[in-house]
Amino acid sequence: MIAPLEHLSRNGHLEKFFIDGKWLEPRGTAKGVVVNPATEEVVTQIRLGNSEDVDAAVSAARRAFTTWSRTKPEYRAGLLDRLHTMLEARSELLAQCITLEIGAAIGYARTAQVPLAMAHVEVARDVLEAFPFVKQRGSTAVTHEPIGVCAMITPWNWPLYQITAKVAPALAAGCTVVLKPSELSPLNALLFAEAIEEAGFPAGVFNLVNGDGPCVGAALASHQDVDMISITGSTRAGIAVAEAAAPTVKRVAQELGGKSPNVILPDADLDRAVSLGIAAAFRNLGQSCSAPTRMIVPRALLSEIESLAKRAADEIVVGDPLSETSTHGVIANRAQFDRIQTMIRVGISEGAKLIAGGEGRPGSLNVGLYVKPTIFSEVRTGMRIAQEEIFGPVLCLIPYDTVEEAVTIANDTVYGLGAHVQGKDMNIVKDVASQIRSGQVHLNYPAWDPHAPFGGFKQSGNGREYGIEGMLEYLEVKSILGFF
């Protein structure tokens, strides 16, 4: 089967941007590199944009908005259907691409990274088909209208997933888009742009400019013709974008960092609660902003939970991302690998009890950004490893004596993105969930719901993605009095 690099090179799209319905040579001359984290070798170069590229993309989006914003919802729904079909046709290419760029195990790329991304397109279409854009309130019409030109900055850890979570609802709402994907994982975005083109979206409705945050990201955030900017990234990056956007008073939606708790109540089925908790914390090698990497457990059960957690960690197969037998691949980039190693050393120096993993690469793996799934026990909530987002497969077991203390520990963070609660007495489970300050809470490991709104409290950001709330982010409310 053709490889992603070969496909993009053959079509001439590898070093071009998609602007106004055309594949164009960038105005910027800077170049970035794409590194395969499994080999630590450069696999290709990409061109990085500048402010002129941003101006061209924003101008195209502004021109297209006049017509696109007035199209019928059923027309936009039809194009989203076509987009889903085009992504499905590229699903294997996309999976290979994500494995190449971020080191996700190929099985995980095929079963999670790509299909979950495609689900956002389906949800946006479904929401659009049922959404009441005009509501009657007495003699007043309350209308929802597209906000305008939307700039989107997406991360490297769930690259395609975050693109579709933003682009699909924005297009459904009637907005036009300029996308800046992560410069560390840009290739899947080029495949996405191909799918947009083949689906038949009008010129200028979707535009893609590759580049870094200080140049392209900052230019988008401060651009006077951008009406809204949506960013998924670190809290530091979110603050920078908000500061750059402030003078133009544009809407800013931020999905930022997290340090999510997983409260194991005393009556929980420990075998299930701990094993699935390890799986949830270490999915995508812990490189998820909502990963539940603080497991808050009854002190009386700590020894048993340690044994269960170590057993679950030992069952993880870290290896070549292209191997069908690997459950987990490599960390996506060198900076993140180094950060994880640093924080493991911090945990050891803070006196936490290391029960699995530790520093260095696992086994005989001497090349590649491989890490050991690591678990610390007897962690105190004030430790750095319990407070700072590590963004890797590092789990803290934090003991508690009372359920009230467990809730206090769960909320003892500057973040508030996701949370989990495990227990048999659903009255207690729900009560604990109601007290946790986070945008999403999972009870007893439910199935993923792409319609469930997702976003943060506190320094985890503002705004919501997914479902009807995800589309509402891209809509303005207008009151028309005397309408009826």
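Residues numbered from 1 in each chain as written. Predicted model: local features only at pLDDT ≥ 70, side-chain atom pairs only at ≥ 80, totals over all residues. Heavy atoms only, no water.

**Q** How would you summarise the overall build of the protein chain if you had to cite specific residues and measurements?
**A** Check the secondary structure of the protein chain and you find 16 helices and 20 strands. Once the C-alpha set of the protein chain is aligned to its principal axes, its extents read approximately 65 × 60 × 40 Å. Burial statistics for the protein chain: of 484 residues in total, 59% are counted as buried. Expressed as a percentage of contacts within the protein chain between residues at least 6 apart in sequence, the contacts between residues at least 24 apart total 72%. Approximately 18,300 Å² of the protein chain is accessible, and the part contributed by carbon and sulfur atoms is 53%. (Helix = DSSP H or I, 4+ residues; strand = E, 2+ residues; numbered from the N terminus. Buried < 20%, exposed > 50% of the residue type's maximum accessible area, 1.4 Å probe, protein only. Contact = heavy atoms within 4.5 Å. Areas by Shrake-Rupley, 256 points an atom, 1.4 Å probe, with all protein chains shown as cover.)

**Q** Tell me about helix H8 (residues 213–222), residues and numbers included.
**A** Restricting attention to buried positions, one finds in H8 the residues Val216, Gly217, Ala219, Leu220 and Ala221. Here the buried face of H8 lies against helix H2 (51–68), strand S7 (149–153), strand S8 (176–180), strand S10 (228–232) and helix H9 (235–245). Between a side-chain oxygen at the N-terminus of H8 and the backbone nitrogen of Cys215 the separation is 3.0 Å; the capping residue is Asp212. (Polar contact = N/O pair within 3.5 Å; in protein donor to acceptor, adjacent residues only side chain to side chain.)

**Q** Can you break down the side chain of His144 residue by residue, with the values?
**A** Mapped onto the secondary structure, His144 falls in strand S6 (residues 140–146). By relative accessible area, which is 12% here, His144 ends up buried. Leaving out residues up to four positions away in the same chain, His144 has contacts with Phe131, Pro132, Phe133, Lys135, Leu472, Leu475, Glu476 and Val477.

**Q** Account for the nonpolar core, with residues named and values stated.
**A** By size, the foremost hydrophobic cluster in this structure holds 78 residues, and its most contacted members are Leu80, Leu83, Leu187, Phe192, Phe201 and Phe206. In contact with Leu80, not counting residues within four places along its chain, are Val121, Ala124, Arg125, Leu128, Ala168, Ala172 and Phe201. With 60 residues, the next largest nonpolar core counts Ala268, Tyr370, Ala386 and Ala433 among its residues. (Core = buried A, V, L, I, M, F, W, Y, C linked by side-chain atoms within 4.5 Å.)

**Q** Tell me about the packing of helix H5 (residues 106–130) against helix H6 (residues 159–173), and please be specific about residues and values.
**A** How two helices sit against one another is set out by the angle between their axes and by the gap between those axes. Where H5 meets H6, the axes come as close as 8 Å, and the angle between the chain directions of the two elements is 10°. Judged by the inter-axis angle, H5 sits roughly parallel to H6. In this structure, H5 uses Gln113, Val114, Leu116, Ala117, His120, Val121, Ala124 and Leu128 to contact H6, whose residues at the interface are Pro159, Leu160, Tyr161, Thr164, Ala165, Ala168, Pro169 and Ala172. Of the residues assigned to the contact of H5 with H6, the class counts are 13 nonpolar, three polar and no charged. (Axes fitted to C-alpha atoms, helices over the stretch in contact; angles between N-to-C directions. Parallel < 35°, antiparallel > 145°, perpendicular 65-115°, else oblique. Nonpolar A, V, L, I, M, F, W, Y, C, P; charged D, E, K, R; others polar.)

**Q** An account of the pattern of salt bridges is needed here, citing residue identities and associated values.
**A** Using the criterion set out here, one finds 24 salt bridges in the structure. A salt bridge links Arg110 to Glu92; the shortest N-O distance between them is 2.8 Å. Of this pair, Arg110 sits in helix H5 while Glu92 sits in helix H4 (residues 91–102); the two residues are 18 residues apart in sequence, bridging distant segments of the chain. Residue classification places Arg110 among the partly exposed positions, given a relative accessible area of 34%. Where salt bridges share partners, they join Glu40, Arg334, Asp338 and Arg361 into one cluster. (Salt bridge = Lys/Arg side-chain N within 4 Å of Asp/Glu carboxyl O.)

**Q** Just give me the short version of the pairing of S8, but keep the residues and values in it.
**A** Extensive coverage of S8 is indicated by the burial of five of its five residues. Neither face of S8 is exposed, since Thr176, Val178 and Lys180 on one face and Val177 and Leu179 on the opposite face are all buried. Here five bridges tie S7 to S8, and the two strands are oriented parallel to one another. Note on S8: the bridge partner recorded for Ala151 is Val178. In terms of strand pairing, S8 meets strand S9 (residues 206–208) through three bridges, oriented parallel. (Pairing = 2+ DSSP bridges.)

**Q** Account for the sheet that holds S6, naming residues and giving values.
**A** Strand order in the open sheet made by the three strands is S5-S6-S20, with antiparallel pairing throughout. Looking at the sheet topology across the chains shown, the edges are occupied by strand S5 (134–137) and strand S20 (475–480). Strand-to-strand twist across the sheet, computed as the mean angle between neighbouring axes with direction ignored, equals 25°. With six bridges connecting them, S6 and S20 associate as antiparallel partners. Its bridge partner lying in S20, Val142 is registered against Ser479.

**Q** Kindly report on the sheet that holds strand S12 (residues 261–264), identifying the contributing residues and their values.
**A** As summarised here, the arrangement of the seven strands in space is S14-S15-S16-S13-S12-S17-S18, forming an open sheet in which the pairing is mixed. Either end of the sheet is taken by a strand with one partner, and the two such strands are strand S14 (353–356) and strand S18 (440–443). Neighbour to neighbour, the strand axes of the sheet diverge by 25° on average, direction disregarded. With three bridges connecting them, strand S15 (residues 374–377) and strand S16 (residues 394–400) associate as parallel partners. Directly across from Thr374, in S16, lies its bridge partner Val394. Contacting S12, strand S13 (294–298) and S16, helix H14 (residues 403–410) crosses the sheet at an angle of about 145° to S16. Together, S12, strand S17 (418–422) and S18 form the strand contacts of helix H15 (residues 426–435), whose direction differs from that of S18 by roughly 165°.

**Q** Give me H2: which residues, what numbers.
**A** A turn of α-helix holds 3.6 residues, and therefore any two residues three or four places apart point the same way. Over its 18 residues, H2 runs 25 Å from end to end, which matches the ideal 26 Å to within 8%, given 1.5 Å per residue. Where H2 is concerned, the buried positions are Asp53, Val54, Ala56, Ala57, Val58, Ala60, Ala61, Ala64, Phe65 and Trp68. Its side-chain oxygen 3.0 Å from the backbone nitrogen of Glu52, Asn50 forms the N-cap of H2. (Expected span 1.5 Å × (residues − 1).)

**Q** Tell me about the state of the cysteines, and name the residues and values.
**A** Per the counting criterion, the structure on display carries zero disulfides. Cys396 forms no disulfide, and the closest cysteine sulfur to it belongs to Cys289, at a distance of 17 Å. (Disulfide = S-S within 2.5 Å.)

**Q** Outline the environment of Ala117, supporting the account with residue identities and numerical values.
**A** Its location among the elements puts Ala117 in helix H5. Ignoring any residue separated from it by four or fewer positions in sequence, one finds Ala117 in contact with Ala112, Leu160, Tyr161 and Thr164.

**Q** Summarise the packing of aromatic side chains; cite the residues concerned and give the values.
**A** Summed over all chains, the structure comprises 13 aromatic pairs. Aromatic side chains Tyr161 and Tyr466 sit 6.1 Å apart centroid to centroid with 90° between the ring planes, which places their arrangement in the edge-to-face category. On the criterion of sequence distance, the pair formed by Tyr161 in helix H6 and Tyr466 in the loop between strand S19 (461–462) and helix H16 (467–472) is long-range, its members being 305 residues apart. Classification of Tyr161 as buried rests on a relative accessible area of 8%. When its relative accessible area of 6% is taken as the criterion, Tyr466 is described as buried. Three or more aromatic residues joined by ring pairs make a cluster, and in this case those are Tyr108, Trp158, Tyr161, Trp448, Phe454 and Tyr466. (Phe/Tyr/Trp six-rings, centres within 6.5 Å; stacked < 30°, edge-to-face > 60°.)

**Q** Describe unusual backbone geometry, and please don't skip the residues or the numbers.
**A** Backbone geometry at Val249 places phi at a positive 50°, although glycine is not the residue there. Tracing the backbone shows Val249 in the loop between H9 and strand S11 (251–255).

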